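Here is what each chain is made of, one letter per residue.
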Amino acid sequence: MLISRNWLQRFFDAPLPEPETLAQLLTTHSWEIDEVVHKPEFDDVVLDVKVLPDKSAWALSHRGVATEISAITGIPLTHDPLGKRDISLVASDSLSVSVDTEAVDRYILAKIEGVSIGPSPKWLQSLLLSLGQRSINNVVDATNYVLLSIGQPTHVFDADKMNGVRVRSAYEGERIHTLGGGEYTLTTQDTVIADSNTDVPLALAGVKGGVAAEVSDATRAIYIESAHFDAVRTRKTAGRHNLRTDASVRYENGVVSELARIGVRECVELILEIAGGTCVGYTEVTAENTPSKIQPASVSCTFEKLNSILGTEVPRDVVRDIFTKLTYAYTEDAYSFTIVPPFERTDLVIPEDLIEEVSRFYGESHIPAKLPEKVSLPNIHKGFYCMEKIRNTLVAQGFSEVYTSSFREKDIVPIKNALASDKGYLRSVLRENIKDALKKNAPHTDLLGVSEIRMFEIGTVFEEGREYISVAIGVCGVSGYSPKKHESILNDALVAVSSALGTTFDAVRSDKNDGVVEFSFTELVEKLPDHGTYDLYLPREIISYVPFSPYPSMSRDVSFWTPVTVSSERAEELIQSVLDSLCVRVTFVDEYRQDDKVSYAFRLVFQAGDRTLTDTEVNARAETVYEAIRGEGWTPR
Amino acid sequence: MKKETQGHIHPISQTITEINALFAEFGFTFADGPEREYIKYNFDMLNVPKDHPSRDMQDTFYLKNIPDMVMRTQTSAVQARYMESHTPPIRIIVPGKVFRNEATDATHEAQFYQVEGLMVDTATSVAELKGLLRYFVERLFHGKAEVRFRPSFFPFVEPGFEVDMKLTGESVPEKLRDRWIEILGAGMVHPNVLRAANIDPEIYRGFAFGVGIDRIVMLRHGVDDIRHFYSGDLRVVNQF
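Numbering of residues starts from 1 in every chain and runs along the sequence as written. Working convention: letters from A go to chains and numbers from 1 go to ligands, in the order in which they are written. Confidence filtering applies because this is a predicted model: local features only for residues at pLDDT of at least 70, side-chain atom pairs given and counted only at 80 or more, and all residues used for totals across whole chains, interfaces and linings. Neither water nor hydrogens contribute to the side-chain values; these are computed over all heavy atoms in the structure.

Caption draft 1: The overall build of chain B, seen in detail. Helix numbers and strand numbers start at the N terminus; a helix is a DSSP run of H or I with at least 4 residues, a strand a run of E with at least 2. Helices and strands together make up the secondary structure of chain B, namely seven helices and nine strands. Principal-axis analysis of the C-alpha atoms gives chain B an extent of 60 × 45 × 30 Å. Pairs of residues are marked as contacts when any of their non-hydrogen atoms sit within 4.5 Å. Taking contacts inside chain B between residues at least 6 apart in sequence as the whole, the part at least 24 apart equals 66%. In these tables, accessible area is a Shrake-Rupley quantity obtained with a 1.4 Å probe, and a residue counts as shielded only by the protein chains included in the view. If you sum the accessible surface of chain B, you get close to 8,200 Å²; carbon and sulfur atoms cover 49% of it. Averaging the locations of the 28 positively and 33 negatively charged side chains of chain B gives two centres separated by 3 Å. His is not counted here, nor are the chain ends, while Lys and Arg score as positive and Asp and Glu score as negative. By convention, the charge on Lys lies at NZ, on Arg at CZ, on Asp at CG and on Glu at CD.

Here you go:
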């Protein structure tokens, strides 16, 4: 929510701190400030405020933010519209208002005759424009002002384009044209403000006004609506029509019903001031048990509880001072303190809510950091223990662990609201994902410096009635899986896992023998005994990740004879010394000795971060290596 | 260099192992729960109101044929399960996969890992939460740390905090040194959550915290894209 510093200042006589200081104070004590934007053209500064959800019922307004600033800084809030709770308008029975829905528990309609529609005064235009709002005309701007000022949505209708108001559920398929050119087809879950005689929808309740009774330059008489619409219904309507507005956001966050009374007063007073006219009165319809003045219940907390939950000793005068600055009725006795929250603070209900207020205004910097007492570990988690065993065993066998998506294009368990059509189901096996991953990794064997791709995953799989943890192990070469070359690798892996866990188990191979085996970890673990302790964990250095190139790598093998006195390390050093950074790996392939000579073979792997290399570039570098070899008196093979 | 004969453990698994070991020193037991979870544990018992926006279809994955279950949106679901079946004192650490129905980009995934910590006892406090979290980030990032608690909100805690850390020390990755970084959410367990699990909030209290493991790994090792963790690409995993 955007907040103007000039607007905030209107609630105070004493000058407020600089905007950067304000932002800092609010971040520490209230909620985050995303951004501080200077608006020299309006001589203003705008704060982007991220009000927390539990405080959004009362804080989504300049006045709400101002109360926090007052509590933090101690600067008195001298101009508080909520300080006066009387409606201060004359009741009238000449306005026709009826409510035929439970979606609204307070509906107030006031009428002003003899207004002159025109531009707003400069001060109002500047405030709205600096927040990125549009300035439309004086009466519409007045409603926007009241909303952003105190958080109460209001709406103006042209009184001559309608008879009276009937609030009702929309009809299935009923259409409404809203301000700004929108057209919506409604359902019976939506609520509309309809004309009391013609039944034409005039506004989508709690969300947006309609064009049927839109105010124009010719308007002379207006109705002002200030109401309290149901939070959940408003949220659902706004969601259903993808029409989230400043008004709907206030309702869905639960502004209190009484605020509608203050909203109508503020709106009428402002319109009379900037557009003239006479208020002929108001009519208010409320649901049963909707009090005209909310009487909040008092909340108590013992000092003992406060201090033991925070883990610090808050001096009593600090507690008293916090609630005094908040201007809440505060009393204390030897053991506890009691406050009566103001009517709009629906979030202060249990002692913990008061503890939060003390913690944030006292400042968490007063809370020391203290370690809990160490206690011995009561038990070892068998599943996690065995999972670690399997991981370590497979890693020792050259397998790397991957995580793959829990979603598949087609499988057993469908998701109701999938992200994409290829993510519509939960996986029932891991092996399909592992097969895909093997294929994707196969071209990278040289780059990775491995003879073949070996990988495994330990992850949850899903059937209709159950989920369990599965393990899949896979292997493939550059050109895929070859049973002759790779089957023994898989078998050795299974044997190693068996012996590490001290049990045997069956692993599933897919129908086509294609290099992936899978077994149920959950089933396996059930058969195993509990273990005494975890293996000791030794911290490792923090590795820095290096982004990989999206371009393919190319390999060249070089082999050559050297005297037996030349070690493979020496040979590799020479190769490295003549290559540039396009060579990303030099892998030792093999060596063999014949009489007084030894033959070495190395694989050079080349890759660029910004392009696909050409044969010419790669061949030139291989040739450089051969030159260096000849230079040493060694013999290329 | 020689051909690689050793494989590599996924960086998230490595981090889970490390986190488990760190908290084991303070007697926190490893606990887990299903990834497809009952709404009761994922929302109801965690004091999330019936009509709360986080339950909406745009945030939570629902199953077509199983109306009372969701893909868990938080490892906190295990809190509720564990408290229901155990009596305090409780100290658990819960790493696991969670799901959010949101579009993916370099910093967002629809599936990612969280670790939840929970301690319930007759006397614990925000001060102990702060001490434990400072210890945690110091060990995890190999340096000295300050932690700072800012007001925040999660339905299952009161008060709730956003926790920032400021690291110092030579072994700390340079990019992370000497600045405030938002690292996790935490708070004192809401009495309604204790009550829902049949634990008397007049006798017991607790704290809980939740950390995104992917984010920890990204910060600690400078990984630039969260999607790398789920791509099955060994060009990523084999660096760890």
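Anyway, onward from the coordinates.
Caption draft 2: Representation of the nonpolar core. To define a nonpolar core, start from buried Ala, Val, Leu, Ile, Met, Phe, Trp, Tyr and Cys residues and group those joined through side-chain atoms within 4.5 Å. Each residue is assigned to one of three classes by its accessible area relative to the maximum for its type, calculated with a 1.4 Å probe on protein chains only: buried under 20%, partly exposed between the two thresholds, exposed over 50%. Tyr107(A), Ile271(A), Phe323(A), Ile473(A) and Phe209(B) are the most contacted members of the largest nonpolar core, which totals 190 residues. In this structure, Phe209(B) is in contact with Phe23(B), Ile93(B), Val115(B), Glu116(B), Gly117(B), Leu129(B), Leu132(B), Leu133(B), Leu184(B), Gly185(B) and Ala186(B), ignoring residues within four places of it in sequence. Ala31(B), Ile39(B), Ile92(B) and Val189(B) belong to the second largest nonpolar core, which has 27 residues in total.

Caption draft 3: Broad picture of empty space enclosed by the protein. The method works on a 1 Å grid over the protein atoms by themselves. A cavity is a set of points holding a 1.4 Å probe that cannot get out, a pocket is an open set with protein on both sides within 12 Å along at least five of seven lines, and residues with an atom within 4 Å of a point line them. Grid points are joined across faces, edges and corners, and a volume is the space filled by probe spheres set on the points. Within this structure, the stated rule accounts for five cavities of 30 Å³ or more. Volume-wise, the largest cavity comes out at about 80 Å³. Taken together, Tyr537(A), Arg540(A), Glu541(A), Ile542(A), Ile543(A), Gln14(B), Glu18(B), His142(B), Arg220(B) and His221(B) make up the full set of residues lining the largest cavity. Breaking the lining of the largest cavity down by element, the ones donating at least two residues are α1 (11–24) and α6 (213–221) of chain B. In terms of residue class, the lining of the largest cavity is made up of three nonpolar, three polar and four charged. Side-chain classes follow a simple rule in which Ala, Val, Leu, Ile, Met, Phe, Trp, Tyr, Cys and Pro form the nonpolar group, Asp, Glu, Lys and Arg form the charged group, and the remainder, Gly included, forms the polar group.

Caption draft 4: Region of the structure containing the packing of aromatic side chains. Think of it this way: a Phe, Tyr or Trp ring, Trp meaning its six-membered ring, pairs with another when their centres are within 6.5 Å, and the plane angle makes it stacked under 30 degrees, edge-to-face over 60, tilted otherwise. Counted according to the given criterion, the structure contains 32 aromatic pairs over all chains. Among the aromatic side chains, those forming a connected cluster through ring pairs are Phe303(A), Phe323(A), Tyr328(A), Tyr330(A) and Phe337(A). Two conditions define a charge located above a ring, namely a distance within 6 Å from the ring centre to NZ of Lys or CZ of Arg, and an angle within 35 degrees of the ring normal. Between the NZ or CZ atom of Lys374(A) and the centre of the ring of Phe26(B), over which it lies, the distance is 5.0 Å. The ring of Trp561(A) is capped by Lys597(A), whose NZ or CZ atom sits 4.4 Å from the centre of that ring.

Caption draft 5: Highlighting the interface of chain B and chain A. The interface is formed by 100 residues belonging to chain B together with 100 residues belonging to chain A. Simply put, the buried area is the total loss of 1.4 Å probe accessible area from both parts when two parts are fitted together. It is Met1(B), Arg36(B) and Arg235(B) that lose the most area in chain B upon contact with chain A, and together they represent 9% of the buried surface on that side. When a carboxyl oxygen of Asp or Glu lies within 4 Å of a side-chain nitrogen of Lys or Arg, that pair is called a salt bridge. Inspection of the region where chain B meets chain A yields five salt bridges. The partner of Glu25(B) in a salt bridge is Lys374(A), and the shortest N-O contact between them spans 3.7 Å. By residue number, the principal contributor to the side of chain B that touches chain A is helix α4 (residues 126–141) of chain B, which donates ten residues. Classifying every residue of the side of chain B that touches chain A by side-chain character gives 44 nonpolar, 30 polar and 26 charged.

Caption draft 6: Looking closely at the packing of helix α6 (residues 138–150) of chain A against helix α9 (residues 259–275) of chain A. All names here are of chain A. Axis definition: a line fitted to C-alpha atoms, over the contacting stretch in the case of helices. Angles run 0 to 180 degrees between N-to-C directions. Contact geometry of α6 with α9 gives a least axis separation of 9 Å together with a crossing angle of 140°. With respect to their mutual orientation, α6 and α9 come out oblique. When the axes of α6 and α9 are compared, the crossing they make is right-handed. Every residue of α9 that contacts α6 at Asn 138, Val 139, Ala 142, Thr 143, Tyr 145, Val 146 and Ile 150 is listed here: Leu 259, Ile 262, Gly 263, Glu 266, Cys 267, Leu 270, Ile 271, Ile 274 and Ala 275. Of the residues in the contact of α6 with α9, the class split is twelve nonpolar, three polar and one charged. Under this scheme an angle from 65 to 115 degrees is roughly perpendicular, one under 35 degrees roughly parallel, and one over 145 degrees roughly antiparallel; angles in between are oblique. The crossing is said to be left-handed when, going from far helix to near helix, the turn is anticlockwise and less than a right angle, and right-handed when the turn is clockwise.

Caption draft 7: Expanded view of the state of the cysteines. By convention in this document, the label disulfide applies to cysteine sulfur atom pairs within 2.5 Å. This model, assessed by the stated rule, comprises zero disulfides over all chains. The closest cysteine sulfur to the non-disulfide-bonded Cys279(A) is located on Cys267(A), 11 Å from its own sulfur.

Caption draft 8: Spotlight on the confidence of the model for chain B. Summarising the model, chain B shows a mean pLDDT of 94, and 100% of its residues fall at 70 or more. Confidence metrics for the complex model read pTM 0.92 and ipTM 0.95. Values of pLDDT, ranging from 0 to 100, describe the predictor's confidence in every residue of the model.

Caption draft 9: Looking closely at the pattern of salt bridges. Under the counting rule described, the total for this entry stands at 62 salt bridges over all chains. A salt bridge links Glu128(B) to Lys370(A), with the shortest nitrogen-to-oxygen separation between them at 3.9 Å. Separated into two different chains, Glu128(B) in helix α4 and Lys370(A) in the loop between α12 (351–362) and α13 (382–396) make up a pair that spans both. Lys370(A) sits in the partly exposed class, given a relative accessible area of 45%. Three or more residues are tied together by salt bridges with common partners; here these are Glu32(A), Lys50(A), Arg148(B), Arg150(B), Asp164(B) and Glu182(B).

Caption draft 10: Seen up close, a negative patch on the surface. Residue and element names in this part refer to chain A. Patches here are clusters of residues that have more than 30% relative accessible area and form no salt bridge, with a 9 Å joining cutoff for like charges and a 5 Å cutoff for nonpolar side chains (Val, Leu, Ile, Met, Phe, Trp, Tyr). A cluster of acidic residues, Glu 569, Glu 573, Asp 590 and Glu 591, forms a negative patch at the surface. Of all the secondary-structure elements, those providing two or more residues to the negative patch are α18 (568–578) and β27 (583–594). When you line up the elements, Glu 591 lands in strand β27. The exposure class of Glu 591 is partly exposed, given its relative accessible area of 44%.

Caption draft 11: Expanded view of the packing of α1(B) against α6(B). Residues and elements named next belong to chain B. Put simply, α1 and α6 touch, their axes get as near as 10 Å, and they point 100° apart. As far as their axial angle goes, α6 and α1 are roughly perpendicular. Contacts between α1 and α6 involve Pro 11, Ile 12, Thr 15, Ile 16 and Glu 18 from the former and Ile 213, Asp 214, Ile 216, Val 217 and Arg 220 from the latter. For the contact of α1 with α6, the class distribution of residues is six nonpolar, one polar and three charged.

Caption draft 12: Structural view of the sheet that holds strand β19 (residues 407–408) of chain A. Residues and elements named next belong to chain A. Sheet architecture is open: three strands sit in the order β19-β21-β20, paired in antiparallel fashion. The sheet is open, and its two edges are formed by β19 and β20 (413–414), each paired on a single side. In this structure, β19 lies alongside strand β21 (residues 425–426), joined through two bridges in antiparallel fashion. Among the inter-strand pairings, Arg 408 is bridged to a residue of β21, identified as Tyr 425. Two strands are said to pair when DSSP picks up at least two bridges between them.

Caption draft 13: Structural view of the side chain of Glu388(A). Note that Glu388(A) resides in helix α13. Polar side-chain contacts of Glu388(A) include one of 3.0 Å to the side chain of Thr17(B). The definition of a polar contact used here is a pair of N or O atoms within 3.5 Å, where within protein one atom must be able to donate a hydrogen and the other to accept one, and adjacent residues in sequence count solely through side-chain atom pairs.

Caption draft 14: A look at the environment of Glu35(B). Of note, Glu35(B) is situated in the loop between β1 (29–30) and β2 (36–38). You can call Glu35(B) buried: its relative accessible area is 6%. Residue contacts for Glu35(B): discarding those within four places in its chain leaves Ser406(A), Thr460(A), Phe462(A), Glu467(A), Val70(B), Met71(B), Arg72(B), Lys97(B) and Phe99(B). Among the polar contacts listed, one links the side chain of Glu35(B) to the side chain of Thr460(A), at a separation of 3.0 Å.

Caption draft 15: Region of the structure containing the environment of Phe207(B). All names here are of chain B. Within the fold, Phe 207 resides in strand β9 (residues 205–212). Residue class for Phe 207 comes out buried when judged on its relative accessible area of 0%. With residues near it in sequence (within four places) discarded, Phe 207 still touches Gly 117, Leu 118, Met 119, Thr 124, Ser 125, Glu 128, Leu 129, Leu 132, Gly 187, Met 188 and Val 189.

Caption draft 16: Layout of the sheet that holds strand β3 (residues 44–50) of chain A. All names here are of chain A. The three strands are arranged β1-β3-β2 in an open sheet whose pairing can be described as antiparallel. The sheet terminates laterally at β1 (2–4) and β2 (32–39), the two strands that pair on one side only. Neighbour to neighbour, the strand axes of the sheet diverge by 25° on average, direction disregarded. Pairing of β1 with β3 involves three bridges; the strand directions are antiparallel.

Caption draft 17: Representation of the side chain of Arg408(A) in the model. All names here are of chain A. Looking at where Arg 408 falls in the secondary structure, it is placed in strand β19. When its relative accessible area of 18% is taken as the criterion, Arg 408 is described as buried. A distance of 2.5 Å separates the side chain of Arg 408 from the side chain of Asn 433, its partner in a polar contact. With near-sequence residues (within four places) excluded, Arg 408 lies in contact with Asp 422, Lys 423, Gly 424, Tyr 425, Arg 427, Glu 432, Asn 433 and Asp 436.

Caption draft 18: Representation of helix α7 (residues 231–240) of chain A. All names here are of chain A. Burial in α7 covers these residues: Thr 234, Arg 235, Thr 237 and Ala 238. Seen along its axis, α7 keeps its buried residues to an arc of 165°; they face one direction. Contacts from the buried residues of α7 go to β11 (201–204), β13 (221–229) and α8 (246–252). N-cap assignment for α7: the residue whose side-chain oxygen lies 3.3 Å from the backbone N of Val 232 is Asp 230. Each direction from the helix axis to a C-beta atom contributes to the arc, which is the arc of those directions.

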